[in-house]
Amino acid sequence: MTWRPIALTAGAACIVQMSVPANAQRFTSQAIAVRVDVLVTDDKKLVTGLTAADFELRDMGVAQDVKQIDVEQLPLNLVLAFDTSQSMEGERMAALLAAANGVVAGLREPDRVALVSFATGVRLLSPLTSSRPQITAALNQLSAYGATSLRDAVFAALALRQEDSGRTLVLIFTDGDDTSSWLTAPKVVEAAKHTDAVVYAIGMRQQPRFAFNPALQMPTVVGRSETEDLGAFLRKVAEETGGRAFFASTNADLRTTFGRTLDEFRNRYVLSYTPTGVSAVGWHPLNVKLKSKRGNVTARRGYFAEGASPSSR
Amino acid sequence: LRLPFSGSLADAEEAYARVVTSQPEFFAARVRLGRVRTLRGDNEGAVRTLAAIPDSAPPVLVYLARLFEGDALERQGRVEEARQRYDAAVRSHPHPQSAQLALAYLQYQNGERVEAASRVRETVADQGAGEEGDPWFWYSMGLGGIVRPELSALRALVRQ
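Residues numbered from 1 in each chain as written. Chains lettered and ligands numbered in written order. Predicted model: local features only at pLDDT ≥ 70, side-chain atom pairs only at ≥ 80, totals over all residues. Heavy atoms only, no water.

## Concerning the packing of aromatic side chains
Residues and elements named next belong to chain A. In this structure the tally under the stated criterion is 13 aromatic pairs over all chains. With a centroid separation of 6.2 Å and 50° between ring planes, the pair formed by Phe-173 and Phe-258 is classed as tilted. Taken together, the residues Phe-173 in strand S11 (residues 167–174) and Phe-258 in helix H6 (residues 254–266) connect sequence positions 85 residues apart. Residue classification places Phe-173 among the buried residues on the basis of a relative accessible area of 0%. (Phe/Tyr/Trp six-rings, centres within 6.5 Å; stacked < 30°, edge-to-face > 60°. Helix = DSSP H or I, 4+ residues; strand = E, 2+ residues; numbered from the N terminus. Buried < 20%, exposed > 50% of the residue type's maximum accessible area, 1.4 Å probe, protein only.)

Next comes the structure, spelled out in structure tokens:
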């Protein structure tokens, strides 16, 4: 048996330095550094200029000694996962392309982009690349057709996350409910707990559905809006990773919403610590708050220390 | 046999069970019976029903049977058996995106991230996996998948 040292992200926000047999499925951690991506807002405005000393971070309820990593030093891996189902045809697709090109234009040189499209099936149109012409060409391939495998695509985007020192932002866009995924919502949400990628989800706010009500002799809202399920799923996945979900009202809003997402991601804080006084395995709930300054903190809810994933326990 | 469109899984199970009893070799009905049993929470019953579909059945039905069997096993916590069935589904069809994602999910949750990523990369590179390539898509969407060209033509007419 050969042993090779590797660095893995242990589920969520955890970088684990380990020795692992090449064919092993379970790992023994030797030293752990956990990285937590944090957003601070106050009355919907970004709070900038904070330092590690402003944060209190508890891992399994135990206060940790945190350091701050300069986000400028970390290259960004941007995974775009875009809905290309039939309903995207026409003006909406054009608006999506304009918004995506705006985001790509705002990236820095070392940043990389991947493009996943999803309709009935999921496709990788470009792996992570720093080549802007390559990603532009991939974006130009997008065409609307078919159903919506949103959950499958979200899982694929999370699973494709590469183990490196960069920060990964998974940016999902969809304009409708899932109609053809194999994976269920609880499974994909569970998978989101095992990644250190941050998910930002952008959906379209749809008009309520009406039907003529013979008893009232007038149109009324019927049933539950599809977007309630969609919104709940997008919010849940985003929240598990410390990201956020936004809903655009019109196609024209997309460019602004995409730009806001990248801007927000750039203005987050990356905290790092070596866990002390906590279990080496299993689910680690995280609680991050400001010690004295004002602001709302958004961060992932926890992480799994490797070796104790649900299916192996 | 005309199946009642009542929206009731219990009715569907009863109807499919009658078909399977009278025509044991009608594997399309058996696939649907197995799936309905899973959706009703009878995972052991689903596995029994689906395991009776031989590898000599049409590939599309073998694929769906192994995929659904894997799911029913996974829901019982029988993860290794589920993997084997998903693997069998992958081997039975050229565009097995759903089965590949099912396997990748098990790997991912077991900490086999590199293997899961590799599997996902392989399946999302499969240009034939979308649309009607994976039998799960037309199974889950019913006739919607089959009549899509007609629906597109209708949409075009409405826009005019």
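Picking up where we left off.
## Structural notes on the confidence of the model for chain B
Mean pLDDT over chain B stands at 88; residues scoring 70 or higher make up 86%. Interface confidence for the predicted complex, expressed as ipTM, amounts to 0.87; the pTM equals 0.85. (pLDDT = per-residue confidence, 0-100.)

## Some words on the nonpolar core
Residues A:Phe155, B:Phe68 and B:Val120 are the most contacted members of the largest nonpolar core, which totals 68 residues. Top contributing element to this core by residue count: helix H4 (residues 59–75) of chain B, with 9 residues. Apart from residues no more than four positions distant in its own chain, A:Phe155 is found in contact with A:Leu183, A:Val188, A:Ala191, B:Leu101, B:Ala104, B:Tyr105, B:Tyr108 and B:Val120. Judged by nonpolar contacts, the second largest core, of 36 residues, contains A:Leu39, A:Ala95, A:Leu142 and A:Leu171. (Core = buried A, V, L, I, M, F, W, Y, C linked by side-chain atoms within 4.5 Å. Contact = heavy atoms within 4.5 Å.)

## Regarding the sheet that holds strand S5 (residues 55–59) of chain A
Residues and elements named next belong to chain A. Spatially, 4 strands are ordered S6-S5-S17-S19 in an open sheet, and the strand pairing comes out antiparallel. The sheet terminates laterally at strand S6 (62–63) and strand S19 (302–305), the two strands that pair on one side only. Where S5 lies against strand S17 (residues 282–290), 5 bridges are found, and the strand directions are antiparallel. Along S17, the bridge assignment pairs Arg-58 with Asn-287. (Pairing = 2+ DSSP bridges.)

## Describing the interface of chain B and chain A
Taken together, the 35 residues of chain B in the interface contact 38 residues of chain A. Together chain B and chain A conceal approximately 3,300 Å² of surface at their shared face, both sides included; 56% is due to carbon and sulfur atoms. Our enumeration of links across chain B and chain A arrives at 1 salt bridge. Between B:Glu74 and A:Lys187 there is a salt bridge, and its shortest N-O distance comes to 2.7 Å. At the boundary of chain B with chain A, the tally comes to 9 residue pairs in polar contact (both at pLDDT 80 or more). If you list the elements that add at least two residues to the side of chain B that touches chain A, you get H4, helix H6 (97–109), helix H7 (113–124), helix H8 (135–141) and helix H10 (148–159) of chain B. The residue inventory of the side of chain B that touches chain A, partitioned by class, reads 15 nonpolar, 10 polar and 10 charged. (Buried area = accessible area lost by both parts, 1.4 Å probe. Salt bridge = Lys/Arg side-chain N within 4 Å of Asp/Glu carboxyl O. Polar contact = N/O pair within 3.5 Å; in protein donor to acceptor, adjacent residues only side chain to side chain. Nonpolar A, V, L, I, M, F, W, Y, C, P; charged D, E, K, R; others polar.)

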